[in-house]
There are 2 protein chains.
Amino acid sequence: MNEQTGRRRRAGGRAGHQTRAGHHAIDQMPWRIPVNPDRPTEPLDADGVQAIHRGTMRILSEIGIEFLNPEACDLLRQAGCKVTGTNVRMDEDFVMEMVRRAPGPFTITPRNPDRAVTVGGKHMVFVNVSSPPNAWDMERGKRPGDFATFQEFIKLTQYFNCIHVAGGYPVEPIDIHPSIRHLDCLAEKLIMTDKVVHAYSLGKERVEDVMEMTRLAAGLSHEEFEAEPRMYTNINSVSPLKHDFPMLDGAMRLARRGQPVIVTPFTLAGAMAPVTMSGAVALSLAEALAAVALLQYIKPGCPVGIGTFTSNVDMKSGAPAFGTPEYMRATQMTGQLARYYGLPMRASGVCAANVPDGQAMWETSNSLWSAVSSGANFVYHAAGWLEGGLIASPEKFVMDCEILQMIQRYFEEQTFATTEDDIALDAIREVGSQGHFFGCQHTQERYATAFYQPFASDWRNYEAWMADGGVWTQERAHRLYKAILADFEPPAMDEDNKAALMEFVARRKEEGGAPTDF
Amino acid sequence: MNEQTGRRRRAGGRAGHQTRAGHHAIDQMPWRIPVNPDRPTEPLDADGVQAIHRGTMRILSEIGIEFLNPEACDLLRQAGCKVTGTNVRMDEDFVMEMVRRAPGPFTITPRNPDRAVTVGGKHMVFVNVSSPPNAWDMERGKRPGDFATFQEFIKLTQYFNCIHVAGGYPVEPIDIHPSIRHLDCLAEKLIMTDKVVHAYSLGKERVEDVMEMTRLAAGLSHEEFEAEPRMYTNINSVSPLKHDFPMLDGAMRLARRGQPVIVTPFTLAGAMAPVTMSGAVALSLAEALAAVALLQYIKPGCPVGIGTFTSNVDMKSGAPAFGTPEYMRATQMTGQLARYYGLPMRASGVCAANVPDGQAMWETSNSLWSAVSSGANFVYHAAGWLEGGLIASPEKFVMDCEILQMIQRYFEEQTFATTEDDIALDAIREVGSQGHFFGCQHTQERYATAFYQPFASDWRNYEAWMADGGVWTQERAHRLYKAILADFEPPAMDEDNKAALMEFVARRKEEGGAPTDF
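Residues numbered from 1 in each chain as written. Chains lettered and ligands numbered in written order. Predicted model: local features only at pLDDT ≥ 70, side-chain atom pairs only at ≥ 80, totals over all residues. Heavy atoms only, no water.

1. Here we look at the overall build of chain A
Now for step 1: If you tally the helices and strands in chain A, you get 21 helices and 19 strands.
Now for step 2: Relative to the globule expectation of 24 Å for 518 residues, the C-alpha radius of gyration of chain A, 24 Å, shows essentially globular dimensions.
Now for step 3: When contacts within chain A are restricted to residue pairs at least 6 apart in sequence, long-range pairs at least 24 apart make up 76% of them.
Now for step 4: Just so you have it, chain A exposes about 16500 Å², and 50% of that area is on carbon and sulfur atoms.
Now for step 5: Taken together, the 50 basic and 64 acidic charged side chains of chain A have centroids lying 2 Å from each other. (Helix = DSSP H or I, 4+ residues; strand = E, 2+ residues; numbered from the N terminus. Rg over C-alpha atoms; globule rule 2.2 N^0.38 Å. Contact = heavy atoms within 4.5 Å. Areas by Shrake-Rupley, 256 points an atom, 1.4 Å probe, with all protein chains shown as cover. Lys, Arg positive; Asp, Glu negative; His and termini not counted. Charge placed at Lys NZ, Arg CZ, Asp CG, Glu CD.)

2. Structural notes on the side chain of S239(A)
Now for step 1: Mapped onto the secondary structure, S239(A) falls in the loop between β9 (233-235) and β10 (242-243).
Now for step 2: For S239(A), a relative accessible area of 11% gives the class buried. (Buried < 20%, exposed > 50% of the residue type's maximum accessible area, 1.4 Å probe, protein only.)

3. Digging into the relation of the copies chain A and chain B
Now for step 1: Mapping chain A onto chain B calls for a screw motion: a turn of 180° about the axis and a shift of 0.0 Å along it, with 0.0 Å RMSD after fitting. Such a combination of rotation and displacement between the chain copies is what one expects of a two-fold axis. The rotation axis passes nearest to the C-alpha of G358(A) in chain A, at a distance of 2.4 Å.
Now for step 2: Most of the interface of chain A is mirrored in chain B, where 100% of its interface residues again form contacts. (Least-squares fit on C-alpha atoms with pLDDT ≥ 70 in both.)

4. Quick look at the layout of surface pockets
Now for step 1: Its volume calculated, the largest pocket comes out at about 960 Å³.
Now for step 2: What lines the largest pocket is a set of 37 residues, among which D27(A), Q453(A), P454(A), F455(A) and K316(B) lie closest to the centre.
Now for step 3: Those elements giving two or more residues to the lining of the largest pocket turn out to be α2 (14-20), α14 (394-411), α18 (447-450) and α20 (473-487) of chain A.
Now for step 4: At three residues, the largest contribution of residues to the lining of the largest pocket is made by α20(A). (1 Å grid on protein atoms, 1.4 Å probe; cavity = no way out; pocket = protein on both sides within 12 Å on 5 of 7 lines; lining within 4 Å. Points joined across faces, edges and corners; volume = space filled by probe spheres on them.)

5. With respect to the packing of helix α12 (residues 325-341) of chain A against helix α13 (residues 358-373) of chain A
Residue and element names in this part refer to chain A.
Now for step 1: With their axes 9 Å apart at the nearest point, α12 and α13 run at an angle of 20° to one another. Considering the angle they form, α12 stands roughly parallel to α13. Along this stretch, α12 crosses α13, giving a crossing that reads as right-handed. Where α12 abuts α13, its residues Y327, M328, T331 and Q332 lie against N366, S367, S370, A371 and S373.
Now for step 2: Here the contact of α12 with α13 is composed, by residue class, of three nonpolar, six polar and no charged. (Axes fitted to C-alpha atoms, helices over the stretch in contact; angles between N-to-C directions. Parallel < 35°, antiparallel > 145°, perpendicular 65-115°, else oblique. Left-handed = near helix turned anticlockwise from the far one by under 90°. Nonpolar A, V, L, I, M, F, W, Y, C, P; charged D, E, K, R; others polar.)

As C-alpha cells, this is what we get:
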C-alpha cells in the first residue's frame, strides 16, 4: 500500500521521463531493460566447453577450495563433501546437482517496482562503477573518495536511464567512519535513487543493516521482503582457491532470505590464476561454482549468478590490464560456460587508463562489447571506471553512458527490421536516381525516431565545432556532468518509509554501527 | 627474376621484423594476415536475408540503375538487359548468373610477394585511411593536405605491420597539380611501401598509368601482370541508383586485365538512401551487384568484392554519422548478404569525431568491431580517419593501429585454446591457495608471449603515469608518430625496377600527365 502511494507520488515513470526530457540537462533514452537479440560469440567448440568444464570439476574434486568460514565447512561436510581443515573438495555429481537447483533468470524489485530488473536469459542490465577508493575529474584531479563525491555519483546513477542498478559505492567515502559508512551510504542510495541496491558482504551487521534498510525504504513487511529478491550482494573469492569469512557469511545471510548472490572471482591470469586464459577461466568457474553449491545446499532455488573478472596482467610490470583481447575472450568463454550451467552471468565495463581519453574508450569499448558478445546479463562498472578500478570519474561516467545507450539502441529490432516498409521499395522508386530521401514521405514519417540520438557525441563538422570552442569529448562530458547535477531531482519517496529508514539509521548510529575489527 | 633479386635485397621478412624490433620506435606485432575465427553476428534470420535479397533484385529489375557510360550500356544491352537511355534493368537470373561467376576469395600480390593479401573467406585485411582532403595533428591543427603530409602517412602505412594495404591517398596532396598527382603519389607509394596499392578510377589515363607503374615497380612483364591480381581499384556509385562514367571506365579497364574491383556504394540512410536501414542496405547491394554483373559479363571470373558504406545522417543537421548502432547493423546485414552472394566484403573504420578523443575511439571501436562481427574481409580507413573522412590524422592513425593489433591478437587461437596445458590443472595444483602464479614454471615458460603487448596504451598506475608527465593518449600518439617518422627505413627495392618506374613518371609528366577536364 505504501509502495502504491509512493508510486503515485512519483513524477512519472517511462512516460514522465519522456515528457520531461526537454527540461533536462540531456535528452536521453527512456528507461528500459535491454534484451540482447544476438547469438553470442562462441570461441569454444563443444570440446572446448567440455575441456573447461572438466578442468573446473577436477579443481573442485581433486584440489578443492578453501572455505575460511567454519559454518560453511560444517554445512558442506554435512552435504557429503570432503572437508580437510578449511579445504573442501566437491565431486561433480554434487556440484551439478546443486547448480541445477539455481533458478536461472530472476527479477530484483527495488522500492520503485518500475525499476525492477531481470537478471538472466537475454536480459542485460548495467550497473554503475563500484568501489573505487579515489575520484578524478577534470577540475580536481585525483583525490581520495569522500561523501560529497559519493553523492554526486549517486545522482548520476539515478539520472541515467541506461544505468539500471545502483551497485556498490560508486566511490568509497573515506571521510565517513567505517562503522557507520554503510548506514549513510545506503540511506543516500535508497533515498536519492529508486533503483536496485547492493549490500557489501563485509560483516554480518552491515549485511543485516542493508537488508533492513532496503525493507524499510520500500515499506515492506519481513514476509514481503523475503518473498522475492529486493536487493543483492556480490562476493569475490580470494583467488586462487579461497572464499573468506565475511563474503561467505554475507552470501549465506542473503541466500537464506531469498536475496540474490553474484559470485565473482577476480582471477588475473599470470598472477592469481594461470597465465593461460582457459586455465584462468576454469579456476574462476571452480571458485564461483563452489560458492553456488554451498548456497544451493543451504537454500535450494535461491537466486544466484556467476561473475567473470578474468583479465591478464602486464607481464613487464605486473600491473593489471583490462579490456584486452585476452580479457574479451575470457569473458566470452565464461559466457559459454555460464549458459552450460544455466546461470546468469555478470561481466564488467573496465579499463586500465588513468583519464577519460582514447585509451579509456578503446579499452572500455572492448570490455562492453565483449559483455554483449558473451551474452552477459549484469554488467558492473558499466559507467565511470578508470585506473583499473582505483578511480571513479564523472566524465568517464557520462562518456560510458553514451556507449551504453548505443548498445541499447543496437539491440532494438528497428535497426535490422526487414518488413516491406523497411525495404522501402516504393520510396526508392519514388526518389529515383535524381532525388534525395530527405523530403520523401517515407523519411518524413520516420525521421524523428529512425536513428540513435547522441548526447555526448558532437557530429558537427570541424569548422562548426571549432566555432563553438572546439571542445574535446572529456570536456563536453565534464560540462554535462555539471549540468546533470544542477538539474537533478530526487525520485519520489513515501514519507513514512523515508522516516522509518532514517529512524533506523539514527538508532544504529547510536548503537555504534558495525564493528570495524574485521 | 628481378622480383627474386628484390626479395633477397630486402632487410628480411617476418623474421627480420622481429629481429629488428628492438631498434624500432615501437615494438609491434609481426606482419600477418589476420584470420577471423568467429561465426559472424547475424541480425537477420533466413527470412530477413531473403527480404533484402528480394528487395535488391526488385530494385535491379523494376527500377534499374543508371549507367552513365555508353560502353557499359551497350554491353549490358548485348547481355540482354533492358536498357532505356542510361537506365539499365537486370532480372534476377542474369544478376545471379553473373554473381556466380565471381571467384570468391582472391589474392593480390604487390612488388614484395611477402606482402600479398588474400581478400575473402575468413581473411581480414586493414587498409590505411584514404582520400581525406585535409590533415590534422596536435601541432598544426587542421589544414589542407599537401605532399609532405602525404609522405608522412605513407611512412606510417608502410611502418605498421597491421596495415596490410596502401589504399587510396591517405591525404589528398592538393599542392600537386591534378594532372600529375597520380604519378607523384603512386611513385611515392610504390617506392616507400612494398604493400598492395590502389588506382583511383578517375579517368582512363590515371588508371592505365597506375597499372603500368605497378607493373614496372614489380619488374613484371605485361603477361605476368595480367596473370594475377597485382593492385586494385575501389569504385563508388553515385547513390541513389547511379554509376558514373570514370568509375565504370576504370572498373572495366581493371577487370579486363584481371585486376580486382571493389564496388562500394555510399548510401547514407535518410539522405541518398531510405531512412530505414535494411532499405539502405538493399539499395547499396543493388548498386554494387549491378556493377559486379557488368564486370563478370565483360570478364567472367574477374576478382570483385562489394563494399558497404551504409550509415545514417543526423536528422537534425543532415551531417553524416559514423560508428552508430545503425551503422553497425547495416554492416552486419551487408555481411550476411555478401556471404549469400559468395562475394568478399569491404567495410570501414570510421567516426564523425573531429579530433582523436574519446568520441573518436568509441565510434571507431564500434565500426571496427562491427567489421569483425560482420565477417568483413577488407577494412578501409582502418587507421587515421577523422571528421567523417574529411581529415587524416597521424595521432588517430597510431591510436587505431593499437585497436587493429588487438583485433589481430583477439583472432589468435592462443587466447581461447583449451589444451591440457591451457587448462593448467597441474599449475593450479602446484600453486595451491597460498601462492601466486608469477613464479611458477607454467608461467615462466609462457609469459613472454602470453598476452597482447600494447605500444600506445599506458598500463601504469596513476602515480607512475603522472610522475612521467601524465601524458594523455593523443599526446602519446603524437610522440609515437614523430618517433616512427624519425625511425623510418624505406623497404628495399630493386634498383632497375625503381629506375624504370621513375623513367615512366618523368616521361608521363613530360607528356602532360592526365587531362583534368573531367
